[in-house]
Amino acid sequence: AKARGRNCLQFFNQQIQKDAERNAELHLYLKTALAQHEFELYYQPIVNPFTSQIIKAEVLLRWIHDGKFISPDEFIPIAEESGLIVQIGEWVRTQALTSILALQQRQLAIPLSINVSTIEFWTADLQQRFLAYFDAIQKQFGLDDFPYSLITLEITESLMMKQQKSINLLLTELRHRGMKISVDDFGTGYSSLSYLVNFPVDQIKIDKSFIQKITSGSRHKALIEAIVSMSRALDLSIVAEGVETQEELEFIKQQDIQAVQGYHFYRPMPQEAFFDLLAKQAQS
Ligand code: C2E
Ligand code: CA
Ligand code: CA
Ligand code: CA
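Keep in mind it's a predicted model, so treat the numbers as computed, not measured. (Residues numbered from 1 in each chain as written. Chains lettered and ligands numbered in written order. Predicted model: local features only at pLDDT ≥ 70, side-chain atom pairs only at ≥ 80, totals over all residues. Heavy atoms only, no water.)

Draft legend 1. Fine view of the overall build of the protein chain. Secondary structure summary: the protein chain contains eleven helices and ten strands in total. The C-alpha atoms of the protein chain give a radius of gyration of 20 Å, which matches the 19 Å a tight globule of 284 residues would have. Each of the 284 residues in the protein chain was classed as buried or not, and the buried ones make up 43%. Approximately 15,000 Å² of the protein chain is accessible, and the part contributed by carbon and sulfur atoms is 51%. Each charge class in the protein chain was averaged separately, 27 positive and 34 negative side chains, and the resulting centres sit 5 Å apart. (Helix = DSSP H or I, 4+ residues; strand = E, 2+ residues; numbered from the N terminus. Rg over C-alpha atoms; globule rule 2.2 N^0.38 Å. Buried < 20%, exposed > 50% of the residue type's maximum accessible area, 1.4 Å probe, protein only. Areas by Shrake-Rupley, 256 points an atom, 1.4 Å probe, with all protein chains shown as cover. Lys, Arg positive; Asp, Glu negative; His and termini not counted. Charge placed at Lys NZ, Arg CZ, Asp CG, Glu CD.)

What follows is the structure in structure tokens.
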């Protein structure tokens, strides 16, 4: 048994070593990924579950390195650790804004949700940079009528936990400009209702881990019902994420949730396919 224990430990050590090597390697390539144009935005439509109409979409970052897709779940944490996430985040926002303008020209514009890393709000300097970015891009695009109202920023609960006055002020300013603030992955962190009451937010996204448990029983359903009624009491809009099956959809509709994202309707897709889809919807 001792020998087996030792083998096991050796195995884990090897695995940790391998992971560390992989991370170091990804970090190295991530540094040049922006300059090498290895990033691409995908778009996942969010639909009205009663009509199947596309009402908005989430932009999701893709990294294509050496012809292979590397999952954001793998590279975002590395980008966060190294601080590269700040430049990457700005690139994502510029791409998303460019898309919004292109869609506006075709009268196809819908709101786009953009993920924001907690790291981007970490220090006072970064918070300032976050706002300054929008001032700069507004000037760069030369628009008086900047489409702030078509931007939703998705933040996570860990940000709310910081309970920093400056974060509160920043979110208030972003909303003042017309952007919406959405709380992503709601219910997965150390969330508490008091954060929601005290934070200037517009929307919550029910995490897909909850949706996927709908089929496994009434207690999970009760949890979603509680989240829904609490959101309504606080006047927050709701998006259900990760809806894959008819059964999940039916339950979401019973809750009268008006916005759904998930493979049941659409997977994330490249920009061209997304634009085509919106054009087709406008024609019908
Ligand atoms: P997220 O923000 O929670 O995004 C939703 C994830 O769920 C996406 O994974 C999406 O493809 C996936 N998804 C949507 N519908 C379904 C479904 O029905 N079933 C299942 N199983 N999955 C579904 P993705 O694109 O791999 O992104 C993973 C995470 O990476 C995101 O989770 C987000 O935290 C992060 N991320 C992606 N793009 C960005 C970005 O531009 N900036 C930042 N900071 N983070 C990003
Ligand atoms: Ca998200
Ligand atoms: Ca989410
Ligand atoms: Ca997530």
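Draft legend 2. Broad picture of the pairing of strand β4 (residues 112-115). By the bridge criterion, three bridges tie strand β2 (residues 54-65) to β4 in an arrangement that is parallel. Counted as the bridge partner of A57 is L112 from β4. What joins β4 to strand β5 (residues 151-156) is helix α4 (residues 124-141), and the crossover it makes is right-handed. (Pairing = 2+ DSSP bridges. Right-handed = clockwise from strand over helix to strand, strands pointing away.)

Draft legend 3. Focus on the pairing of strand β8 (residues 237-241). Counted residue by residue, β8 has four buried out of five residues, so it is predominantly covered. Where strand β7 (residues 203-206) meets β8, four bridges bridge the pair, whose relative direction is parallel. Across the sheet, the residue bridging to I206 is A240, located in β8. Once you follow β8 into helix α10 (residues 246-254) and on to strand β9 (residues 260-261), the crossover reads as right-handed.

Draft legend 4. Local environment of the environment of Q44. In this fold, Q44 is placed in strand β1 (residues 39-47). A C-alpha to C-alpha distance of 9.0 Å links Q44 and P270, two positions 226 residues apart in sequence. Residues in contact with Q44, not counting those within four places in the same chain, are K56, A57, E58, L60, Q261, G262, Y263, Y266, R267 and P268. Of note is the side chain of Q44, whose polar atom sits 3.0 Å from the backbone oxygen of Y266. (Contact = heavy atoms within 4.5 Å. Polar contact = N/O pair within 3.5 Å; in protein donor to acceptor, adjacent residues only side chain to side chain.)

Draft legend 5. Fine view of the coordination of the calcium ion (ligand 3). The protein atoms that coordinate the calcium ion (ligand 3) are D184 (OD), D185 (OD), E241 (OE) and E241 (OE), at distances spanning 2.2 to 2.7 Å. Each donor residue of the calcium ion (ligand 3) lies on one chain, and together they are spaced D-D-x55-E. Taken as an interatomic distance, the gap from the calcium ion (ligand 3) to the calcium ion (ligand 2) is 4.1 Å; D184 donates to each of them. Of the two residues, D185 sits in strand β6 (residues 180-186) while E241 sits in strand β8, which places them 56 residues apart along the sequence. We classify D185 as partly exposed; its relative accessible area is 26%. Accessibility expressed as a relative area gives 9% for E241, which makes it buried. (Donors = N, O, S within 2.8 Å, 3.2 Å for Na, K, Ca; no water.)

Draft legend 6. Spatial organisation of the layout of surface pockets. Space inside the largest pocket adds up to approximately 1,300 Å³. Considering the residues around the largest pocket, the lining is formed by 44 residues, among which L60, D73, N115, D184 and D185 are closest to the centre. Looking at the lining of the largest pocket, the elements that each hand over two or more residues are β1, β2, α2 (72-82), α3 (85-105), β5, α5 (157-162) and β6. Class assignment for the residues of the lining of the largest pocket results in 16 nonpolar, 14 polar and 14 charged. Each pocket or cavity is described by its volume, and for the second largest pocket that value is around 150 Å³. Taken together, R22, E25, L26, Y29, H65, D66, K68, F69 and I70 make up the full set of residues lining the second largest pocket. (1 Å grid on protein atoms, 1.4 Å probe; cavity = no way out; pocket = protein on both sides within 12 Å on 5 of 7 lines; lining within 4 Å. Points joined across faces, edges and corners; volume = space filled by probe spheres on them. Nonpolar A, V, L, I, M, F, W, Y, C, P; charged D, E, K, R; others polar.)

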